[in-house]
Structure formats: structure tokens, C-alpha cells
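Chain residues, written in single-letter form:
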Amino acid sequence: MNIFYRSLPYLLLFLCLSAYCQVKQQTIARVNEMPDIPQPFEIIDYTELALNFDKTVYDFNAKGKFWPLVWIDKSHKNYPQDVVGLYTAMGDVRQGPVNNKGMFHEALATMGATLGATLVGIDKTNQQGHNIVGMIKNYFNRETGWDIMMNNTCPEVALLGGGYGRDWWYDVYPNVLFYAIYDKYPDQPGLDEIAKTIADKFYKADVILNGNYNYSYFDYGKMLPVKNNICIQPDAAAGHAWVLYAAYKKFGDEKYLKGAISALSALQSQSENPTYELLMPFGAYLAARINAEQGKNYDTNKMLAWSFDGTAVCREGWGMLTGKWNNYDISGIFGSTVDHGGYGFLMNTYDAAWPLVPMVRYNQSYADAIGKWMLNAANASRFFYPQYMPDEHETIPQRSGVGKNVIAYEGIIKKSNLPEYQNVEAPVAQGDGPLWVPGKNPPESQLSVYGSGHVGIFGSIIKKTNVEGILQLDLLATDFFADKAYPSYLYYNPYEKNKTITVTAPKGKKVDLYDTVSGTFVARNISLSATIELSPKSSAVIVIIPAKGKVTYMGSKMLVNGTVVDYNSGK
């Protein structure tokens, strides 16, 4: 009898190695269209780029044309404190300390840059004497009675650009950004109260909407849904659901869980693709997470297809781009699949990784698809930056140095939508800045400060391994308000041959390596590093757990020392 019990773990290991525990991978149709190894191929150091962005852009004494890019807004909207303004684009004539009383700056830029820097390890509570995190409170529009984070601090400048009180995703997304920042600075004074107020507003709005999100925006002051000349945006439900679930994990109030489930159900009930801008990938992530943590059965496949496929109805063609333009693989970037042959945007691409990469923690059946997509996205995203895009594919190569190698073009388009650049062959690195204020915004406004500020999302997720073309993707970096978890990484082998990667153990610890895809321990009791062999075009999701930890099971979940390691162990 004793021999049998001692042999049982080895029997289970044998069965798993015989594919008994192997998690069947699900495909994403759009990802299948992408190349295995995009060309020309290069993965740049996004972490270094994020660190350089913050150091360069938040220099209040920076010299050069259009610099500095930051200023102090002393209008004290919503809170009696100064706030840092950040340009949306280089040389944007609407902005800066002397234009529009210094009040026109966007949360998408300042909050995105704050989050991006934080994710790569920069403390934004004390930067050149400024508490950048504390300053984001000014975007909490309490003076208007909306009592949520908004893209501007006040309505006086709202119509100058961006969205404010009329375009739903613009009103929801700053709250998603806020909650992510809040997770990283939980002790920052005043953020608890703001977070609860936002969650209460979103919960009440969901009750009023009662499953019908077919509106252009929601008036959070009057608590009424509204239709206007802007498309209806049912995917706002994804933003509501993500914020409410984050609030539930933070505060434990069951009404927030109820609201998150209600909003996610409203999203799933749509009969056609409701994608509008950035929010649908958050719906896919949340579907996988709520299924894993709450035992629900949301259709993650449906929301992933909506995120990627480019079949959006109202925002025609919005999704992920694929293809080779004049020998350049541009697959993996997000934007319009139909505008002038395709128009992808840097911020959309960075921000899609935020929810889609940690989604694999909760459902590892998407490991291959997300690994392949991220390889393509990481490769193509460098082309937004002038230093990595050949001059003949840029609209303003002679002027792009003004961005000091940290400011990228806003987008990459197949055929320029600007008449003066029709001779530039695809892929065309450009931006819409000159269209925002025709005849006044300079050509350099095609360089996007707001999009470039989100680079820390890639920087926190992507690391190279010892094998070129196999990335280490950190599944915890952007998994905000997660339960306790062990370090978890996705590795995808795009090659036709087996490849061997090295996984390093945390310094001073002995660990075991568990792969949630194969459902097996692939290394035991290591103190320095271990090698793992990846089959062709396959993935591993490696969780680094304490050596000799106690393994238990709770339903489909596998736990080690009481912490979930595998949500779908099959045991």
C-alpha cells in the first residue's frame, strides 16, 4: 500500500506527459493570418524605451523645439492643487501653459504616462518635487457632478479635442486607467474615496441601463443614457465590468460583483460586434477571469473574436491589422482594418496587451494564440518610432528628431490620409495631429506624446529569452487587483523545430516550475536556472512556485501552499 501511494504522483506525471493533462489550444482566426516570424524581425527593448520616455518627457527644463512637453496647470479644477499637463502631440497649438489658460491636457496622456512609468518601476509620487499620482485627482470631475474620472479636468476645454461628456469610451477609459494606477499606489491619500465613488456611479449606471448599453454615452451627472451623432458604444459595458470587478476585489462589496456580472452579460448579449475603441479586450479578459474565479461560463471566444477580427459594425473595421505592406509585416497592431487600407495606432496596440496577456493566467488554452500575437505586435510596434522606421516610409523624416527618440508617430497607415504625403509608400508612419487644428498644428504634431506614454505596458510585459524570437511575457505585470499569485510567464515557440529556453529562479530561493499548458512540473528544486524544451509552434505557461510546496485541489483549481497555480488543472 505504501509503495502505491508513493508511486501515485509519478503515475499522474506519466499520464500528464502522455498528453492526458495537456490543455487543448484554442485559435483566434485573425491571429492565424499572421506570420510565424514576422519580417524584418527585431524586438526592441521596450523597458529601456519606457524609462527613457519618462526621464526625457518629465524634464521641466528640457530644451529644444516644442520642449518641454510638461507644464504646471494652476487652475485648480476639482481639487485645490496644481496638476501637471502633458502635450497630446508635439507642438499641439491648443496646449501648453500659455494656451487655453493651461487647462487643456488629456487624461489619456497624463494618466497613461503615469501608469506606463509605474509599471517599469518608477515612483511617480515624487518626481522633481511633484506628486504626479496625487495630481491625477484633478481629472475626477466633482465640480460638474459627474464624479468620475474624465479625459479633461473641466468642460471649458472639452470641445477643443478628445472626448468629454459625449463620447462614451473617452469617459469610461480614464476610470480604467485610474483603477490600474490606484492598484499600484493603494496608500495614496484620497484615492480610496474616489475609487468607491466611481464604482458606485458605474454600479448605479448599470442598474439604470438594465442590460441595454446601446447608447453614445451616459450622463453620469443626470444619470441618463444618451444618443447623439456618435455611434452607439455597447462595448462601454466592458469598461464598466472591468472597473466594477476591480472594485469588488478591492473592497469586497458584493454589489460590485453583481454589477460586473450584469455589465458583462449585457456585453455578451450583443448579436453583432459592438467594438468601438479600446474596451473590448477588457471584456475578453474579464470573461476568462470571472469564469475562472467565479465559476461562470462567459463566451471568451466571442469577445476575443470581436477584439481581433475587424468586423465591428458601428466603428467599421475596428480590430487588429494583418498583412505585409511592401515587404514589411505589420500584423499585430490595433486600429482600423479598412481606413485607407488599414490604419493602426500605437496606443491601441500597447493597451490591448494590458488585458489580453494576463488573460492567459485564467485560461491557458489561449497561450499559443496570445504568444503569437504578441510576437508580431512587439515586432511591428517598433515601426511607429522614427529611429526604427526607414526614412522613405515616414511622412516627416527630416523633422522627426524633435521627438528625441522617445516620441513615436501616432499611427501606421497603408495610404496616407494627408494629401501632402501621397507619394510615401506603405507602411506610412504618420499621425492625425495636423487634422486636429488645420493650418495651425505643425507637421511635427504627427508625433504622438499620448500614445508613446503607454510604452511601459509593453516594457513591463516583454522580456527576451536566450532564444531570439521567443519572448518571456509576464502574466502578472498588468493583472491588476489579482489575488495572490506566483510569478507566471508565457513562452511561445514560433519555429518549426524544438527550442530550449532557460528559466531563471528568483535569487536565493529554491523553486519548482509548473507548466499550466501541459499540466506538469517541468523542473523541481532548482536554485539557479532550468532549461525547458518547447515543441514547434507551441507554448508553455510557467509558474515559479516554492520548492516542495503543498499541492491541493479545489474543483478544477490546483493550489500550492494555498495559492492558485492553475485554474484549469483538470484534476
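Look above for the structure.
Fair warning: this is a prediction, and the values are worked out from it, not measured in the lab.

### A short note on the sheet that holds strand β23 (residues 557-560)
Part 1 of the argument: Ordered by their spatial adjacency, 3 strands build an open sheet running β22-β23-β24, and the pairing between neighbours is antiparallel. For this open sheet the edge positions go to β22 (551-554) and β24 (563-566), each flanked by a neighbour on one side alone. Averaged over all adjacent pairs, the angle separating strand axes in this sheet is 45 degrees, with direction ignored.
Part 2 of the argument: Relative to β23, β22 runs antiparallel, the two being bridged by 4 bridges. Pairing of V551 across the sheet is with V560, part of β23.

### Description of unusual backbone geometry
Part 1 of the argument: Backbone torsion omega between W67 and P68 reads 0 degrees, so that peptide bond is classified as cis.
Part 2 of the argument: Relative to the helices and strands, P68 is located in the loop between α3 (46-57) and β1 (70-73).
Part 3 of the argument: Residue P427 follows A426 across a cis peptide bond; omega there is -5 degrees.
Part 4 of the argument: Summarising the element assignment, P427 is placed in the loop between β11 (411-413) and β12 (428-430).
Part 5 of the argument: Positive phi is not limited to glycine here, since F66 has a value of about 75 degrees.
Part 6 of the argument: Mapped onto the elements, F66 comes out in the loop between α3 and β1.
Part 7 of the argument: Positive phi, normally seen in glycine, also occurs at N525, with a value near 55 degrees.

### Looking at the packing of helix α4 (residues 107-119) against helix α6 (residues 168-184)
Part 1 of the argument: Running from N to C, α4 and α6 point in directions that differ by 25 degrees, and their axes come no closer than 10 Å. In terms of orientation, α4 and α6 fall into the roughly parallel class. Note on packing geometry: the crossing formed by α4 with α6 is left-handed. Each of A107, L108, M111, G112, T114, L115, T118 and L119 in α4 lies in contact with α6, whose residues at this interface are W169, Y170, Y173, P174, L177, F178, A180, I181 and K184.
Part 2 of the argument: Partitioned by chemical class, the residues of the contact of α4 with α6 number 13 nonpolar, 3 polar and 1 charged.

### A few points about the environment of N138
Part 1 of the argument: Mapped onto the elements of the fold, N138 is located in the loop between α5 (132-135) and α6.
Part 2 of the argument: Assessed through its relative accessible area of 1%, N138 is described here as buried.
Part 3 of the argument: Once residues lying within four places of it in the same chain are set aside, the contact partners of N138 are H76, K77, N78, Y79, Q81, D82, V83 and T153.
Part 4 of the argument: In terms of polar contacts, N138 uses its side chain to reach the backbone carbonyl oxygen of K77, at 3.0 Å.

### Some words on empty space enclosed by the protein
Part 1 of the argument: Tallied over the entire structure, the rule returns 7 cavities of 30 Å³ or more.
Part 2 of the argument: Considering only enclosed or pocket space, the largest cavity measures out at about 90 Å³ in volume.
Part 3 of the argument: If you trace the largest cavity, you find it lined by T275, E277, L278, M280, P281, F282, S307, W318, F334, N348, D351 and A352.
Part 4 of the argument: Elements with a minimum of two residues in the lining of the largest cavity: α10 (280-294) and α12 (346-356).
Part 5 of the argument: Of the residues belonging to the lining of the largest cavity, the class tally is 7 nonpolar, 3 polar and 2 charged.

### Quick look at the sheet that holds β12
Part 1 of the argument: Spatial ordering of the open sheet is given by β5-β8-β9-β11-β12, a layout of 5 strands whose pairing is antiparallel. Edge positions in the open sheet fall to β5 (318-320) and β12, since each of these has one partner strand only. Averaged over neighbouring strand pairs, the angle between their axes works out to 30 degrees when direction is ignored.
Part 2 of the argument: The pairing of strand β8 (residues 334-336) with strand β9 (residues 343-345) spans 3 bridges and is antiparallel. Within the sheet, the bridge partner assigned to S336 lies in β9 and is Y343.

### Structural notes on the pairing of strand β15 (residues 471-474)
Part 1 of the argument: Every second residue of β15 is oriented toward a common face, with L471 and L473 on one face and Q472 and D474 on the other, all of them buried.
Part 2 of the argument: Taking the residues between adjacent antiparallel strands as the criterion, strand β14 (residues 462-464) and β15 are bridged by 6 residues, where G469 takes a positive phi near 95 degrees.
Part 3 of the argument: Summarising the sheet, β15 and strand β16 (residues 488-493) pair through 3 bridges and their orientation is antiparallel. When the sheet's bridge partners are listed, L473 is paired in β16 with L490.

### Observations regarding the packing of aromatic side chains
To describe a pair of aromatic rings, you give the distance between the ring centres and the angle between the ring planes.
Part 1 of the argument: Applying the stated criterion across every chain yields a total of 31 aromatic pairs.
Part 2 of the argument: Where Y182 meets F481, the ring centres are 6.0 Å apart and the plane angle is 50 degrees; that geometry is what we call tilted. Remark: F481 occurs in the loop between β15 and β16 and Y182 occurs in helix α6; sequence separation between them is 299 residues.
Part 3 of the argument: Owing to a relative accessible area of 1%, Y182 belongs among the buried residues under this scheme.
Part 4 of the argument: Arranged with centres 4.9 Å apart and planes meeting at 85 degrees, the rings of F282 and W354 form a pair that is edge-to-face. Here F282 is found in helix α10, whereas its partner W354 is found in helix α12, with 72 residues between them in sequence. A single burial state applies to F282 and to W354, both of which are buried.
Part 5 of the argument: Aromatic ring contacts, followed pair by pair, group W169, Y170, Y173, W242, F282, W354 and F480 into a single cluster.

Thresholds, definitions, all that
- Residues numbered from 1 in each chain as written.
- Predicted model: local features only at pLDDT ≥ 70, side-chain atom pairs only at ≥ 80, totals over all residues.
- Heavy atoms only, no water.
- Pairing = 2+ DSSP bridges.
- Helix = DSSP H or I, 4+ residues; strand = E, 2+ residues; numbered from the N terminus.
- Axes fitted to C-alpha atoms, helices over the stretch in contact; angles between N-to-C directions.
- Parallel < 35°, antiparallel > 145°, perpendicular 65-115°, else oblique.
- Left-handed = near helix turned anticlockwise from the far one by under 90°.
- Contact = heavy atoms within 4.5 Å.
- Nonpolar A, V, L, I, M, F, W, Y, C, P; charged D, E, K, R; others polar.
- Buried < 20%, exposed > 50% of the residue type's maximum accessible area, 1.4 Å probe, protein only.
- Polar contact = N/O pair within 3.5 Å; in protein donor to acceptor, adjacent residues only side chain to side chain.
- 1 Å grid on protein atoms, 1.4 Å probe; cavity = no way out; pocket = protein on both sides within 12 Å on 5 of 7 lines; lining within 4 Å.
- Points joined across faces, edges and corners; volume = space filled by probe spheres on them.
- Phe/Tyr/Trp six-rings, centres within 6.5 Å; stacked < 30°, edge-to-face > 60°.

From the geometry alone we can't say anything about function, so treat these as descriptive.
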